[in-house]
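In case you want the letters, here they are:
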Amino acid sequence: MNAKILSLAITSMMLILIVDLVRRKKLTFKYASGWFLVLFGAMALAFFEESVFVLSRALGFELPSNFIFFAGLSGFVVLSLLMTIFLCQQNQRNDKVAQKLGLLEEELERLKKRTEG
Amino acid sequence: MDQPRILIIVPAFNEKKNISRTLEDIRACGVAADLVVIDDGSQDGTSGVVRACGVRVVALPFNLGIGGAVQTGFCYALRNGYDVAVQIDGDGQHDTAYVKDLLVPILTGKADIAVGSRFIPPFLGYRSSFVRRLGILFFASLISFLTRCRVTDPTSGFRAFNRRALALFADEYPQDYPEPESIVLAHKSGLTLKEVPVEMRARRHGHSSIRYLYTLYYMTKVTLAILLDMLKRQQKG
């Protein structure tokens, strides 16, 4: 029973934290959605704890705790893959902007010279 | 047809000591071409040296790596309406006397990309260290096998491009260690490539960007990247 209360408390706190981060515009909804998904999943499992036993037995885990660890780890692997994708996207955009900036600066310099000269 | 407009692109990163010699060599090579240096976020004032030589410079705000720098040059060529671009490294390794030879297949329409190769007769002069030659041989075999075209010097950055090749590479160009990979990309997009015999020199100052410790990383990265490129969807030509 204690474990149930503890996990519900922690997931609720996380949920409140993420909602607050979105509210304060530290996180956009696009990036928060993954966290919401994981948190709602964790809350559902904590609330209906019987489902943990049923699921772990059905999937062939010896102990329900193993199943929980496995599920948690899988969730984080997906989240970190998403992070890497976002990071790469940002990196590519960054590079494109740097290239454009260099090109525009050179063009500006040439234009300036032409108007001065 | 009008005289084609030619641009020589010189990527440079912390090449203060080499760059002015390289620029002089290029000016002396006797090809009517404009010149632009892409300063890849140098910390040693390379841009200033280039400007003092009276050469245009595109200064990137931070280091993008050779791929990003060269690609900036391709974008520059397209934006400013050049028909042909030649890539020459800023470290003085490429003998500018061969720019004319490199331009021949492009100007005659025989190829979309011309690559200066150290391994085609008759010159066969300086050809890098033994270890690096083994690496080059490995990539040459891999790329020749995958593209079914004979390539002898896939790591050479001494190249000429027509507008078709420029348009492809301005849009998509590998970021680090781009040379071998770009050959595969070009092949997948249906561009033709021709190698031209050239001579190269050892570097005057400083180290090449590919040091011994990185050799293993370089080999693995480029091999994987080439194999992944083969799986990518077909580019439209």
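Before reading further, recall that the structure is shown in the block above.
Conventions used here
- Residues numbered from 1 in each chain as written.
- Chains lettered and ligands numbered in written order.
- Predicted model: local features only at pLDDT ≥ 70, side-chain atom pairs only at ≥ 80, totals over all residues.
- Heavy atoms only, no water.
- Helix = DSSP H or I, 4+ residues; strand = E, 2+ residues; numbered from the N terminus.
- Rg over C-alpha atoms; globule rule 2.2 N^0.38 Å.
- Buried < 20%, exposed > 50% of the residue type's maximum accessible area, 1.4 Å probe, protein only.
- Contact = heavy atoms within 4.5 Å.
- Salt bridge = Lys/Arg side-chain N within 4 Å of Asp/Glu carboxyl O.
- Right-handed = clockwise from strand over helix to strand, strands pointing away.
- Pairing = 2+ DSSP bridges.
- Axes fitted to C-alpha atoms, helices over the stretch in contact; angles between N-to-C directions.
- Parallel < 35°, antiparallel > 145°, perpendicular 65-115°, else oblique.
- Left-handed = near helix turned anticlockwise from the far one by under 90°.
- Nonpolar A, V, L, I, M, F, W, Y, C, P; charged D, E, K, R; others polar.
- Buried area = accessible area lost by both parts, 1.4 Å probe.
- Polar contact = N/O pair within 3.5 Å; in protein donor to acceptor, adjacent residues only side chain to side chain.

### Concerning the overall build of chain B
Looking only at helices and strands, chain B has eight helices and seven strands in total. For 237 residues, the compact-globule formula gives about 18 Å, and the C-alpha radius of gyration of chain B, at 17 Å, lands near that figure. Overall, chain B is about 50 × 45 × 40 Å in size when its C-alpha atoms are taken along their principal axes. Per-residue burial over chain B gives 55% buried out of 237 residues. Across chain B, the fraction of contacts at a sequence separation of at least 24, relative to all contacts at a separation of at least 6, is 77%.

### Description of the pattern of salt bridges
Residues and elements named next belong to chain B. Scanning the entire structure with this criterion turns up 10 salt bridges over all chains. Lys-221 is the salt-bridge partner of Glu-181, the closest N and O atoms lying 3.6 Å from each other. One end of the pair, Glu-181, is in helix 7 (residues 178-188); the other, Lys-221, is in helix 8 (residues 212-231), and 40 residues separate them in sequence. For Glu-181, a relative accessible area of 7% translates into the label buried.

### Regarding the pairing of strand 2 (residues 34-39) of chain B
Residue and element names in this part refer to chain B. Counting buried positions along strand 2 yields five of six residues, so the element is predominantly enclosed. In this region the chain leaves strand 1 (residues 6-12), passes through helix 1 (residues 16-27) and returns to the parallel neighbour strand 2; the handedness of that crossover is right-handed. Bridge count for strand 2 against strand 3 (residues 56-59) is four bridges, and the pairing is parallel. Across the sheet, residue Val-37 finds its bridge partner in strand 3, namely Val-57. For the crossover that starts at strand 2, traverses helix 2 (residues 46-52) and ends in the parallel strand 3, the hand is right-handed.

### Side note on the packing of helix 4 (residues 64-116) of chain A against helix 3 (residues 66-79) of chain B
The geometry of helix 4 of chain A relative to helix 3 of chain B is characterised by a closest axis approach of 10 Å and an angle of 50° between their N-to-C directions. Considered as vectors, helix 4 of chain A and helix 3 of chain B are oriented oblique to each other. For the element pair helix 4 of chain A and helix 3 of chain B, the recorded crossing hand is right-handed. Seen from helix 4 of chain A, the contacting residues are A:Lys96, A:Gln99, A:Lys100, A:Leu103, A:Leu104, A:Glu106, A:Glu107 and A:Arg110; seen from helix 3 of chain B, they are B:Gly68, B:Gln71, B:Thr72, B:Cys75, B:Tyr76 and B:Arg79. Partitioning the contact of helix 4 of chain A with helix 3 of chain B into residue classes produces four nonpolar, four polar and six charged.

### Overview of the side chain of B:Asp229
Position of B:Asp229 among the secondary structure elements: in helix 8. When neighbours within four sequence positions are excluded, B:Asp229 is seen to be in contact with B:Glu181, B:Val184, B:Leu185 and B:Lys188.

### Quick word on the sheet that holds strand 2 of chain B
Residues and elements named next belong to chain B. Taken together, the seven strands give an open sheet; going across it, the order is 3-2-1-4-6-5-7, and neighbouring strands pair in mixed fashion. In the strand order of this sheet, the two ends are held by strand 3 and strand 7 (193-197), each with one partner. Taking the axes of each pair of neighbouring strands and ignoring which way they run, one obtains an average angle of 20° across the sheet. Pairing analysis gives three bridges linking strand 5 (residues 113-117) to strand 6 (residues 159-162), with the strands arranged antiparallel. Note that in strand 6 the partner of Ile-113 across the bridge is Phe-161. Each of strand 1, strand 2, strand 3, strand 4 (84-87) and strand 6 is contacted by helix 3, which is oriented at about 155° to strand 1, the strand it contacts most.

### A short note on the interface of chain B and chain A
At the interface, 19 residues of chain B touch 15 residues of chain A. Carbon and sulfur atoms supply 52% of the area that chain B and chain A bury against each other, a total of about 1400 Å² over both sides. Where chain B meets chain A, there are two salt bridges. For B:Arg79, the salt bridge identified is with A:Glu107, shortest N-O distance 3.0 Å. Connecting chain B to chain A are eight residue pairs in polar contact (both at pLDDT 80 or more). Only strand 3, helix 3 and helix 6 (163-171) of chain B provide two or more residues apiece to the side of chain B that touches chain A. Among the elements that make up the side of chain B that touches chain A, the one with the highest residue count is helix 3 of chain B (six residues).

### Regarding the packing of helix 2 (residues 29-47) of chain A against helix 4 of chain A
Residue and element names in this part refer to chain A. The contact between helix 2 and helix 4 brings their axes to 11 Å, and the two run at 175°. Considering their axes alone, helix 2 and helix 4 lie roughly antiparallel with respect to each other. Contacts from Lys-30, Tyr-31, Gly-34, Trp-35 and Val-38 in helix 2 reach Phe-76, Leu-79, Phe-86, Gln-89 and Gln-90 in helix 4. Partitioning the contact of helix 2 with helix 4 into residue classes produces six nonpolar, three polar and one charged.

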